[in-house]
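Tertiary structure, described
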Amino acid sequence: MVSFTKRCTFKVDIEYRKIVSNEIIVYDIELSEFIHRKVSVLKIQHKEPLLNENDISTIYNAFSNANITDSTIRAEHIHAIKSNTTAERTNPRSTCSICKKPVSDKVKSYCLSNKKFNGKIYCYEHQKAVF
Ligand SMILES: [Zn+2]
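The present account deals with the structure reproduced in this document. (Residues numbered from 1 in each chain as written. Predicted model: local features only at pLDDT ≥ 70, side-chain atom pairs only at ≥ 80, totals over all residues. Heavy atoms only, no water.)

Before going further, it helps to examine a nonpolar patch on the surface. Taken together, L50, L51, I56, I59 and F63 make up a surface patch of nonpolar side chains, about 500 Å² in accessible area. With relative accessibility at 42%, the residue I56 sits in the partly exposed group. (Patch = residues over 30% accessible without salt bridge, like charges linked within 9 Å, V, L, I, M, F, W, Y side chains within 5 Å. Areas by Shrake-Rupley, 256 points an atom, 1.4 Å probe, with all protein chains shown as cover. Salt bridge = Lys/Arg side-chain N within 4 Å of Asp/Glu carboxyl O. Buried < 20%, exposed > 50% of the residue type's maximum accessible area, 1.4 Å probe, protein only.)

This brings us to the pattern of salt bridges. As enumerated under the stated definition, the model contains 3 salt bridges in all. Ionic pairing is found between E33 and R37, a salt bridge with its closest N-O pair at 3.3 Å. Taken together, the positions of E33 and R37, both in helix α1 (residues 31-45) and 4 residues apart, correspond to about one turn of that helix. Overall, E33 belongs to the partly exposed group, its relative accessible area being 42%. R37 sits in the partly exposed class, given a relative accessible area of 39%. (Helix = DSSP H or I, 4+ residues; strand = E, 2+ residues; numbered from the N terminus.)

The subject of this paragraph is unusual backbone geometry. Of note in the backbone geometry, K100 takes a positive phi value of approximately 65° without being a glycine. Secondary-structure assignment places K100 in the loop between α3 (71-90) and α4 (105-113). Since its relative accessible area comes to 54%, K100 is described here as exposed. For N118, which is not a glycine, the phi torsion comes out positive at approximately 55°. Mapped onto the secondary structure, N118 falls in the loop between α4 and α5 (124-130).

If you want it as structure tokens, here you go:
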């Protein structure tokens, strides 16, 4: 279950909004409601708890260790995300020249550094299809 602020607009498959799904996307204001609903559904489906104390502790530690608590590093992280998003929006060459599908930065730099593509960007499929 992943929670986003209400400032976001979800453009995802409707399956991700269903309580029966194992991957759910919710707004922050819905989070506790969704957790309670999910727990109720799981209690009906499973007689025994799905996780023991040890599992819960492992998962808790994984999240706890991944959380960025240093405010400087957190600010750098947010800045990096924002500059990536801006670059994608303003750079019209980040899509395949043929099918117009968006490509990753890795694919983009591979194509641009490869002379046979003549400065054009192609998705994996069209890199093979054209050459
Ligand atoms: Zn393509």
